[in-house]
Amino acid sequence: MSKSIKLCDISDYEKFIDKFDTFLLDCDGVLWKGGDTLPGKKLLFVTNNSARSRADYVEKFKKLNIEAHEDEIFSSSYASAYYLKNVLKFPKEKKIYIIGESGIADELASEGIRHCGLSDNDQQFKPEDIVPDPEVGAVLCGIDFHINFKKLAKALYYLKTNSDCIFLLTNDDATFPASGFIAPGAGAISAPLITALNKKPDAIMGKPNKPMMDCIAQKFKLNLERTCMIGDRLETDIQFGNNNGVTTLLVLTGIAAEKDILVDNAPIIPDYYMSSFGDFAKLC
Ligand SMILES: [Mg+2]
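Residues numbered from 1 in each chain as written. Predicted model: local features only at pLDDT ≥ 70, side-chain atom pairs only at ≥ 80, totals over all residues. Heavy atoms only, no water.

(A) Highlighting the side chain of D26. In this fold, D26 is placed in the loop between β2 (22-25) and β3 (42-47). A relative accessible area of 8% places D26 in the buried class. Separated by 2.9 Å, the side chains of D26 and K207 make a polar contact. Beyond its immediate sequence surroundings of up to four residues, D26 is in contact with L31, V46, K207, M229, I230, G231, D232 and D237. (Helix = DSSP H or I, 4+ residues; strand = E, 2+ residues; numbered from the N terminus. Buried < 20%, exposed > 50% of the residue type's maximum accessible area, 1.4 Å probe, protein only. Polar contact = N/O pair within 3.5 Å; in protein donor to acceptor, adjacent residues only side chain to side chain. Contact = heavy atoms within 4.5 Å.)

Here it is in structure tokens:
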């Protein structure tokens, strides 16, 4: 495997930037500690966080003095809604049972897809809750801060009972960095369902999986050869680019450290790396 190229100075930055038209940017670990523009280039913000909608992200960006439009944000919640509508052509008469937060519900609604499940938050399980609902055509599971037995039991029931009921995950991150601790990620929320069903999901949207890249490429009509994925995490961001024919740039302001990619037999290495995305500001 060839080694990663380190971008060190302005001349490196200029040559690098010229190679691409579009940059796919992870948010946490990249943006919050870095700059927010690259002159003359298209930036798309790509995040596995399904708890927020694109509109929520625009608000969060505003507080950080970063200008972004809803159309420049691709969260796993929106990717799921886009995939259901445009790839799976999810039938209008059917609805989605959500295990997740309002960001998923908002994005499904934005694509005109009916949903249910949020009202099961914080509810005690009763066997009489389990009743047939043939309109449920898919279960979509993301990070859920109100996960409970009732939701898992209903999701399992629909997936086992409704013929052709699709099992989708927004993403399957094992953990995510919360304020001061490591929290269980969306992958830990869906794990009980995978065990109970004894089968894998029909599709997993988020990085590093292919459906997310397919949706981004389709929606923005990207030339993937002129696209670069920038992120701080090897197993999601960098693997996402490596798996899908997109050049990758690792920034060292988040999870991964330089030693992780320089060690012999490193399992995942980026094409390029640099200390901080904010260093590109020297070009402005
Ligand atoms: Mg990150």
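(B) Spatial organisation of the UniProt feature "active site" (unreviewed entry) in the chain. Under the feature "active site" (unreviewed entry), the UniProt entry names D26 and D28. Of note, D28 is situated in the loop between β2 and β3. Overall, D28 belongs to the partly exposed group, its relative accessible area being 35%. (UniProt positions renumbered as here; feature names shortened; annotations may be inferred.)

(C) Main features of the domain arrangement of the chain. Along its sequence, the chain is organised into domain 1 (5-48 + 208-283) and domain 2 (77-204). Taking the mean C-alpha position of each, domain 1 and domain 2 sit 29 Å from one another. Contact residues are listed per partner, giving ten residues for domain 1 and twelve residues for domain 2. Together, the buried faces of domain 1 and domain 2 total about 980 Å²; carbon and sulfur atoms form 54% of this surface. (Domains from an automatic or database assignment. Buried area = accessible area lost by both parts, 1.4 Å probe.)

(D) How the structure looks around the pattern of salt bridges. Per the stated rule, a full pass over the model turns up 18 salt bridges. Residues R54 and E107 are paired through a salt bridge, measuring 2.9 Å at the closest nitrogen-oxygen approach. Taken as a pair, R54 in helix α2 (residues 54-63) and E107 in helix α4 (residues 102-110) lie far apart in primary sequence, 53 residues in all. A salt bridge links K151 to D144; the shortest N-O distance between them is 2.7 Å. When its relative accessible area of 3% is taken as the criterion, D144 is described as buried. (Salt bridge = Lys/Arg side-chain N within 4 Å of Asp/Glu carboxyl O.)

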